[in-house]
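Structural overview
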Amino acid sequence: MDATESQDALAHLAWQVELGADEAILDAPVNRFELPQAAAKPSPAAPPAPAARVATPAPAERDEGQAALAAIDDARRRAEGAGTLEALREALAGFQGCDLRHGARNLVFADGDPRARVMIVGEAPGREEDLEGKPFVGRAGQLLDAMFGAIGLSRTAVDPAHGLYITNMLPWRPPQNRDPTPEEISMLQPFVRRHVELADPEVLVLMGNWACVGLLGRKGIMRMRGNWEDVLGRPALPMFHPAFLLRQPGEKAKAWADLLSLKARLRGDT
Ligand code: URA
């Protein structure tokens, strides 16, 4: 491998690590006890089996990987350079690294009171949010307002003690409301982290799997909900996403238990 190839391979590896890869494994498990002897132990003279060779990414893939790495770098620089929420919104508006912006009508930055004790991080804007430029204004948003209203919190409260500040992992609507890709999460995560630092809420609520992927680096909301975590030095509560609760109303009792846990935390009981 010459110097350029090895640099490309290293860049590709760095990209995989950025996406969360921490082990060298294949897509499907291999039962090595069932491999024929010869395949399991190739003779020293035999050429290496194709699967055992380190795959060098095709040039197009390599270019895409490098563009994505450059976009993540740019996102970090822009986010870290923003000293206020308004500057962060502008930094995001000027960020060209994410193609989602081209299919969206509006940048959806935040809603509510940035001085609120509680900040909610959702997933991504849907159709209504894209049209209005505000997070959680559709059916899921109405349920979210009712849920938090039940413990005395509202995005329209005048007093920040009863306020809510709301944002999403992605500020642009993905086409057909598809799930975010790992690349999108990686390149938009620096903005969300900076958003949390600048708003500086006492408590974070991570609404659904994608907020957990973006800020905790893992998903599994069925297990994670209701268990307090730490994000950027503050307590963070993973909760079921209201869109999930609209589909699975039987799970609302668990969401209620989590809201009570949040209320107790805000009262200083826990
Ligand atoms: N779902 C989200 O996660 N965010 C929104 O803004 C709307 C729906």
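Residues numbered from 1 in each chain as written. Predicted model: local features only at pLDDT ≥ 70, side-chain atom pairs only at ≥ 80, totals over all residues. Heavy atoms only, no water.

**Description of the overall build of the protein chain**
- Counting its regular elements, the protein chain contains 12 helices and 6 strands.
- In the protein chain, which comprises 270 residues, the share counted as buried stands at 40%.
- In the protein chain, 71% of the contacts between residues at least 6 apart in sequence involve partners at least 24 apart.
- Of the roughly 14900 Å² of accessible surface on the protein chain, a fraction of 52% belongs to carbon and sulfur atoms. (Helix = DSSP H or I, 4+ residues; strand = E, 2+ residues; numbered from the N terminus. Buried < 20%, exposed > 50% of the residue type's maximum accessible area, 1.4 Å probe, protein only. Contact = heavy atoms within 4.5 Å. Areas by Shrake-Rupley, 256 points an atom, 1.4 Å probe, with all protein chains shown as cover.)

**Brief notes about the site of the ligand**
- The local shell around the ligand consists of G122, E123, A124, P125, E129, P135, F136, N168 and H241.
- Between an oxygen atom of the ligand and a side-chain N or O atom of H241, the distance comes to 2.7 Å.
- Within the complex, the protein chains bury 91% of what would otherwise be the 230 Å² of accessible surface of the ligand. (Near = heavy atom within 4 Å. Polar contact = N/O pair within 3.5 Å; in protein donor to acceptor, adjacent residues only side chain to side chain.)

**A closer look at the sheet that holds strand β2 (residues 118–122)**
- Strand order in the open sheet made by the 6 strands is β1-β3-β2-β4-β6-β5, with mixed pairing throughout. Two strands close off the open sheet at either side, each with one partner strand: β1 (111–112) and β5 (229–231).
- Of the pairings in the sheet, the one linking β5 to strand β6 (residues 234–239) comprises 3 bridges and is antiparallel in character. Residue E229 lies in a different strand from β6, and its bridge partner there is A236.
- Here helix α7 (residues 139–149) sits on the sheet in contact with β2, β3 (164–168), β4 (203–207) and β6, set at roughly 140 degrees to β4.
- Packed on one face of the sheet, helix α12 (residues 252–267) meets β2, β4 and β6 and runs near 165 degrees to β6. (Pairing = 2+ DSSP bridges. Axes fitted to C-alpha atoms, helices over the stretch in contact; angles between N-to-C directions.)

**Some thoughts on the environment of S186**
- Note that S186 resides in helix α8 (residues 182–199).
- Judged by relative accessible area, which is 12%, S186 ranks as buried.
- Between the C-alpha atom of S186 and that of V213, which follows or precedes it by 27 residues, the distance is 9.6 Å.

**So, α12**
- Here α12 spans 23 Å end to end across 16 residues, near enough to the 22 Å set by a 1.5 Å rise per residue.
- Those residues of α12 that are buried are in contact with β2, α7, β4, β6 and α11 (242–247).
- Immediately downstream of α12, the backbone of G268 shows phi near 85 degrees, a positive value. (Expected span 1.5 Å × (residues − 1).)

**Side note on the pattern of salt bridges**
- Counted under the stated rule, the structure contains 14 salt bridges.
- In this structure, D113 and R115 form a salt bridge, with 2.8 Å as the shortest nitrogen-oxygen distance.
- You can call D113 buried: its relative accessible area is 8%.
- Residue D269 is joined to R267 by a salt bridge in which the shortest nitrogen-to-oxygen separation is 2.7 Å.
- Several salt bridges converge on common partners, so that one network encompasses D74, R77 and R78. (Salt bridge = Lys/Arg side-chain N within 4 Å of Asp/Glu carboxyl O.)

**Looking at the confidence of the model for the protein chain**
- The share of residues in the protein chain with pLDDT of 70 or more is 80%, and the mean pLDDT across the chain is 86.
- Low confidence marks residues 10–23, where pLDDT is under 50. Its contacts with residues over four positions away, or in another chain, come to 16 contacts.
- pLDDT under 50 marks residues 38–52. Its contacts with residues more than four places away, or in other chains, come to 2 contacts. (pLDDT = per-residue confidence, 0-100.)

**Quick look at the nonpolar core**
- Judged by nonpolar contacts, the single largest core of 62 residues is most densely connected at F148 and L262.
- Sorting elements by how many residues they give to this core places α8 first, with 6 residues.
- Ignoring sequence-local partners within four residues, the contact set of L262 consists of V118, F148, I151, L153, V203, V205, W228 and L237. (Core = buried A, V, L, I, M, F, W, Y, C linked by side-chain atoms within 4.5 Å.)

**What about the pairing of β3?**
- Of all 5 residues in β3, 5 are buried; the element is thus mostly enclosed.
- Burial along β3 is two-sided: L164, I166 and N168 facing one way and Y165 and T167 facing the other are all buried.
- Both β1 and β3 contribute to a ladder of 2 bridges, which runs antiparallel. The residue of β3 that forms the bridge with G112 is Y165.
- Sheet topology places β2 next to β3; 5 bridges connect them, and they run parallel. Paired with V118 across the bridge in β3 is L164.

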